[in-house]
Amino acid sequence: MELAPATILVVEDEPITRAFLVDNLTADGFELLAAESAAEAENLMESAYPDLAILDLGLPDRDGLDLIRRVRTSGREAGRIDPDLPLLVLSGRATDLHRLRGFDRGCDDYVTKPFSYHELRARVAALLRRSRVRPGAGRRRIGPLELDPVSRRVWLYGDEVTLSNKEYALLCALAADPIRVFTREELLRGVWGFRALGATRTLDSHAFRLRRKLNHKGDRFVVNVWGVGYRLLDGAVS
Ligand code: CA
């Protein structure tokens, strides 16, 4: 199976190092996200689903060790951050005690500055290789909703929801951008692959069933935007 390029989040407040990492990892074929503070990193982890994060520890707003703890204690069902997100620390704190603290908090690897880019890239590749074959890798989490593209299974608050193939495809199409309104035409083309008169009724009935199946705790998923189409979420999830 061909995997999409991995998305790497670089969390680094020092602009030269940040730009160096972003430029080189992009040149090596990764998708890059960059944050210069722990708060920014947390937002990106919640909204952009990176596959791995490279973390500096001396950050302007919070210590990187706190960010590691935040990730590792994120609730699997309700949280939006993947608690198993691979974390590689890249820090100037170079003593054994510093490294031990990093691993105690839950980092997966620890590289000290000054660093060799080639070694860093090799360690990133090794972490991704391990994480992407683990069960549950590639799962998509949107608030209380979790989608597994490999098994095509869906959970809501940890309970499995049984969907038909087309309901699942419609959910995936909407989940690609949970707050964007997708037009009926886009969804028909994306899910059914055709445009035909009367087909909007097919879409509407699938959307209705999907909404009903995802509504058992009063959440508003699959929102009908009158005259336009559908979006997955009614605003942001808390
Ligand atoms: Ca720093």
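The rules behind each value
Residues numbered from 1 in each chain as written. Predicted model: local features only at pLDDT ≥ 70, side-chain atom pairs only at ≥ 80, totals over all residues. Heavy atoms only, no water. Helix = DSSP H or I, 4+ residues; strand = E, 2+ residues; numbered from the N terminus. Buried < 20%, exposed > 50% of the residue type's maximum accessible area, 1.4 Å probe, protein only. Contact = heavy atoms within 4.5 Å. Areas by Shrake-Rupley, 256 points an atom, 1.4 Å probe, with all protein chains shown as cover. Polar contact = N/O pair within 3.5 Å; in protein donor to acceptor, adjacent residues only side chain to side chain. Pairing = 2+ DSSP bridges. Salt bridge = Lys/Arg side-chain N within 4 Å of Asp/Glu carboxyl O. Core = buried A, V, L, I, M, F, W, Y, C linked by side-chain atoms within 4.5 Å.

*Asks:* In this structure, what is going on with the overall build of the protein? I would like to understand it.
*Replies:* Along its length, the protein carries eight helices and twelve strands. The buried share of the protein, reckoned over its 238 residues, is 41%. Sequence separation of 24 or more characterises 57% of the internal contacts of the protein that already satisfy a separation of 6 or more. When the accessible surface of the protein is summed, it comes to about 12200 Å², and 51% of that surface belongs to carbon and sulfur atoms.

*Asks:* Is there a simple way to explain the side chain of Glu12 in this structure?
*Replies:* Secondary-structure assignment places Glu12 in the loop between β1 (7-11) and α1 (15-27). On the accessibility criterion, Glu12 (2% relative accessible area) is buried. Within the local environment of Glu12, its side chain forms a polar contact with the side chain of Lys113, the two groups lying 2.8 Å apart. Sequence-distant contacts of Glu12, defined by excluding residues within four places in its chain, comprise Thr17, Arg18, Ala35, Glu36, Asp56, Leu59 and Lys113.

*Asks:* It is not clear to me how unusual backbone geometry should be interpreted in this structure. Could you clarify?
*Replies:* Note: most residues except glycine have negative phi, and most peptide bonds are trans. The residue after Lys113, namely Pro114, is reached through a cis peptide bond having omega -5°. Mapped onto the elements of the fold, Pro114 is located in the loop between β5 (109-112) and α5 (117-133). Of note, Tyr157 is a non-glycine position whose phi angle comes to about 50°, a positive value. Here Tyr157 shows up in the loop between β8 (153-156) and β9 (159-161). According to the relative accessible area criterion, Tyr157 is partly exposed, its value standing at 30%. For Val222, which is not glycine, the phi dihedral falls at a positive 60°. As for its placement among the helices and strands, Val222 is situated in strand β11 (residues 221-225). Under the relative-accessibility criterion, Val222 is labelled buried at 1%.

*Asks:* Honestly, the pairing of strand β4 (residues 87-91) in this entry has me stumped. Any pointers?
*Replies:* One face of the sheet, then the other: side chains in a regular strand alternate in exactly this way. Extensive coverage of β4 is indicated by the burial of five of its five residues. In the sheet, strand β3 (residues 52-55) pairs with β4 via three bridges, with the strands oriented parallel. The residue of β4 that forms the bridge with Ala53 is Leu87. Two strands pair when backbone bridges link them, and β4 and β5 are joined in this way by four bridges, in the parallel orientation. Considered in β5, the bridge of Leu88 is made with Asp109.

*Asks:* What should I look at first to understand the pattern of salt bridges in this one?
*Replies:* Under the criterion given, the structure shown has 19 salt bridges. For the salt bridge of Glu167 with Lys213, the shortest nitrogen-to-oxygen distance reads 2.7 Å. One end of the pair, Glu167, is in helix α6 (residues 165-175); the other, Lys213, is in helix α8 (residues 199-213), and 46 residues separate them in sequence. With relative accessibility at 33%, the residue Lys213 sits in the partly exposed group. In this structure, the salt-bridge partner of Glu186 is Arg180, at a minimum N-O distance of 3.0 Å. Where salt bridges share partners, they join Glu42, Glu46, Arg62 and Arg70 into one cluster.

*Asks:* Could you clarify how one ought to interpret the nonpolar core in this entry?
*Replies:* Here is a general trend for soluble globular proteins: nonpolar side chains tend to be buried in one another's company. Membership of the largest hydrophobic core comes to 27 residues, with the highest contact counts inside it found for Leu145, Leu171, Val222 and Leu232. Counting only elements with at least two residues in this core, the list comes to β7 (145-148), β8, α6, α7 (184-192), α8, β11 and β12 (229-233). If you tally residues by element for this core, the top one is α6, at five residues. Residues contacting Leu232, with those up to four places away along its chain left out, are Ile142, Leu145, Leu171, Leu174, Ala175, Pro178, Arg220, Phe221, Val222 and Val223. Within the second largest apolar cluster, 21 residues are counted, among which are Leu33, Leu67, Cys107 and Tyr110.

Note that every value here comes from positions in space, so none of it alone points to a role or purpose.
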